[in-house]
Amino acid sequence: MILTVTPNPALDLTWRIDRLVEGGTHRADTGSARAGGKGLNVARVAHAQGAPVLALTTAGGRVGAEFADELKTSGVPHVLVPVAADTRRSIALVDESAGDTTIVNERGTGPSDAEWGALLAEVVERLPAADVLVISGSLPPGTPEALLPMLIAVGRDAGVPVIVDTSGPGLLRAADAGATVLKPNAAELAEATGSDDPVAAARTLLERGAELVLLSLGADGMLAVTHDDLLHARLEEPLAGNPTGAGDAGVAACAVLYAEGTRDPETVLRRATAWSAAAVLMPLAGDISPRWTALEQQLHVTRPDPDQFRKDPS
Ligand SMILES: O=P(O)(O)OC[C@@]1(O)O[C@H](CO)[C@@H](O)[C@@H]1O
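Each value, and the rule that gives it
- Residues numbered from 1 in each chain as written.
- Predicted model: local features only at pLDDT ≥ 70, side-chain atom pairs only at ≥ 80, totals over all residues.
- Heavy atoms only, no water.
- UniProt positions renumbered as here; feature names shortened; annotations may be inferred.
- Helix = DSSP H or I, 4+ residues; strand = E, 2+ residues; numbered from the N terminus.
- Rg over C-alpha atoms; globule rule 2.2 N^0.38 Å.
- Contact = heavy atoms within 4.5 Å.
- Pairing = 2+ DSSP bridges.
- Axes fitted to C-alpha atoms, helices over the stretch in contact; angles between N-to-C directions.
- Buried < 20%, exposed > 50% of the residue type's maximum accessible area, 1.4 Å probe, protein only.
- Phe/Tyr/Trp six-rings, centres within 6.5 Å; stacked < 30°, edge-to-face > 60°.
- Core = buried A, V, L, I, M, F, W, Y, C linked by side-chain atoms within 4.5 Å.

Named according to an unreviewed UniProt entry, the chain is 1-phosphofructokinase family hexose kinase originating from Microbacterium paraoxydans. Checking UniProt for the chain, the heading Sequence similarities (unreviewed entry) contains the comment "Belongs to the carbohydrate kinase PfkB family."

Have a look at this one:
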C-alpha cells in the first residue's frame, strides 16, 4: 500500500477562462472543487491506476467539510485528522488560449502541536501496512522544523522507502533526514540550494542522503540524478493543457514502482515522465490520461551533458 501524507491540504478550485487579462474581469462556467494538495493528487493518480493507497491528511472548518465530502465521493481511501483551523484553498485559472495555468495557493494555517501529534500517530499506526511513504506538498506556516524529519524517520524505521516532494528549506531538511527519493522542480531546487546548476544541486541532495533525485523540468521533461548516472527523458514536442498536478503524477508513478520493488532509475524516470505528461492532458490535477502508455513509448531518453541545464547567468 502507498501511504501518502499531505501536511498542507487544499480545496482545489479550478476555473477555465478564455484568456487571462491582468486586472480584468473574467467570466467562466461553473468551476470545480476537489480535495487537493500534492499528496492527495498522488493518491488519486495511483488509486486510479489500481494501486492500493491510503491518503492521510487533516481537514478543518467549513472548507474542510467540503474537502471531506468531495474526498468521500472520490472513493480514494483516506483518513482525515480533524483540526480547528480552516483547510486552505488553491485557485487554478486555466487560460484556454495561452494553454497555461495561473495558480494562487493560500498559505494555510498550521495545525496545533496536539493536531500534528495526532497526524504523526496516524502515520505510525498505518506504516506497518505500507510499502512506501510519500510526503508531498508545502508545509503550512508555523510547522515545527522537526515535523518533516520526524515523518521521514518513522518511515525509515518502518523500513519503507520515503519519497518527498516539498519546497523551501523543507527540501534540504528532507535530504538530511534521509528521504530516499526527492522530486523538486528546477525553480524549487535553485531556491533551496542557491545554485544555478540543477545537476550539481541535485547531487548535493544525494550527498545529504537521497538515492534518487527526480527533477521536473516542465515542458522539457524530467531528469533522474543518481550518484553515478544522469538520465533525461522528454517528449519530442511538449503537450498543451493544464500542468497543475503533473509533478504529482510523476511522484505517483515513482511510488507505484517503488511499492512494487522496482527502483531502477531509468524505469522510474520513464514512467514518471509519461504520467506527468499524461496529467497535462487532463482538465484537473489528480488525473492522468490513458494515453500515458503511448506517451511512454514516445519518450526520448538520453545521458545528457549536465552543463546543458545550467541557467545562463546573462
Ligand atoms: O502549496 P503546495 O502544497 O506546494 O501546492 C498545492 C497545490 O497547488 O499543488 C497541487 C498541484 O501540484 C494542487 O492540487 C495543490 O493545491
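Further notes follow.
Q: Hey, could you run me through the overall build of the chain in this one?
A: Helices and strands together make up the secondary structure of the chain, namely 10 helices and 14 strands. Relative to the compact-globule value of 20 Å for 314 residues, the chain shows a C-alpha radius of gyration of 18 Å, a close match. With the C-alpha coordinates aligned to their principal axes, the bounding extent of the chain is approximately 50 × 50 × 40 Å. Here the contacts in the chain between residues at least 6 apart in sequence split such that 67% fall between residues at least 24 apart.

Q: Please clarify how the sheet that holds strand β3 (residues 32-36) should be interpreted in this entry.
A: Backbone-to-backbone hydrogen bonds join strands into a sheet, with any given pair of strands oriented parallel or antiparallel. Taken together, 4 strands build an open sheet; the order of strands is β3-β2-β6-β7 and the sheet is mixed. With partners counted over all chains shown, the strands left at the sheet margins are β3 and β7 (100-105), one partner each. Adjacent strand axes in the sheet meet at a mean angle of 25° when their direction is disregarded. Taken together, the 5 bridges between strand β2 (residues 10-17) and β3 define a ladder with antiparallel strand orientation. Opposite Leu11, over in β3, you have Ala35 as the bridge partner. Across the sheet, helix α1 (residues 38-48) is in contact with β2 and β3; its angle to β3 comes to roughly 95°. Strand contacts of helix α2 (residues 61-74): β2, β3 and β6 (88-95), with the helix running at about 85° to β3, the strand carrying the most contacts.

Q: Even after reading the chapter, I still don't get the environment of Ala279, so can you show me in this structure?
A: Examined against the element boundaries, Ala279 turns out to sit in helix α9 (residues 265-280). The spatial distance from the C-alpha of Ala279 to the C-alpha of Trp292 is 8.6 Å, given a sequence separation of 13 residues. Excluding residues within four positions of it along the chain, Ala279 makes contact with Asn242, Gly245, Ala246, Ala249, Asp287 and Ile288.

Q: Sorry if this is basic, but what is going on with helix α5 (residues 169-176) here?
A: Of the residues making up α5, those classed as buried are Gly170, Leu171, Leu172, Ala174 and Ala175. Lining the buried residues of α5 we find α4 (147-157), β9 (162-165), β10 (181-182), α6 (186-193) and α7 (198-208). Gly178 occupies a position one or two residues after α5 and carries a positive phi of about 100°.

Q: Could you clarify how one ought to interpret the packing of aromatic side chains in this entry?
A: Given two aromatic rings, one states the distance between the centres and the angle between the planes to describe the pair. For the structure shown, the criterion picks out 1 aromatic pair. Between the aromatic rings of Trp275 and Trp292, the centroid separation amounts to 5.6 Å while the plane-to-plane angle is 70°, which identifies the pairing as edge-to-face. Here the residue Trp275 occupies a position in helix α9, and Trp292 occupies one in helix α10 (residues 292-298), the gap between them amounting to 17 residues.

Q: Would you take a moment to explain the side chain of Glu70 for this structure?
A: For Glu70, the location among the structural elements is in helix α2. Its relative accessible area of 18% is what places Glu70 among the buried residues. Other than its neighbours up to four places away in sequence, Glu70 contacts Ala33, Arg34, Ala35 and Arg44.

Q: Help me understand the nonpolar core, please; the structure alone is not making it clear to me.
A: Generally speaking, nonpolar side chains in soluble globular proteins are found buried as a group. Ile2, Ile163, Leu214, Trp275 and Ile288 are the most contacted members of the largest nonpolar core, which totals 51 residues. In terms of residue count, helix α8 (residues 246-259) provides more of this core than any other element does, 10 residues in total. Residues contacting Ile163, with those up to four places away along its chain left out, are Val132, Leu133, Val134, Ile135, Val181, Val251, Cys254 and Ala255. If you look at the next biggest cluster of nonpolar residues, it comprises 43 residues, including Leu127, Leu151, Leu171 and Leu223.

Q: Which parts of the structure should I look at to understand the sheet that holds β9?
A: Within the open sheet, the 10 strands sit side by side as β5-β4-β1-β8-β9-β10-β11-β12-β13-β14. Their pairing is mixed. Each having just a single partner strand, β5 (78-82) and β14 (300-302) make up the two edges of the open sheet. Examined bridge by bridge, strand β13 (residues 230-234) and β14 share 3 bridges and lie antiparallel to one another. Bridge pairing in β14 links His232 to Thr302. Contacts from α8 reach β1 (2-6), β8 (132-136), β9, β10 and β11 (212-216) within the one sheet, and its direction differs from that of β8 by about 165°.

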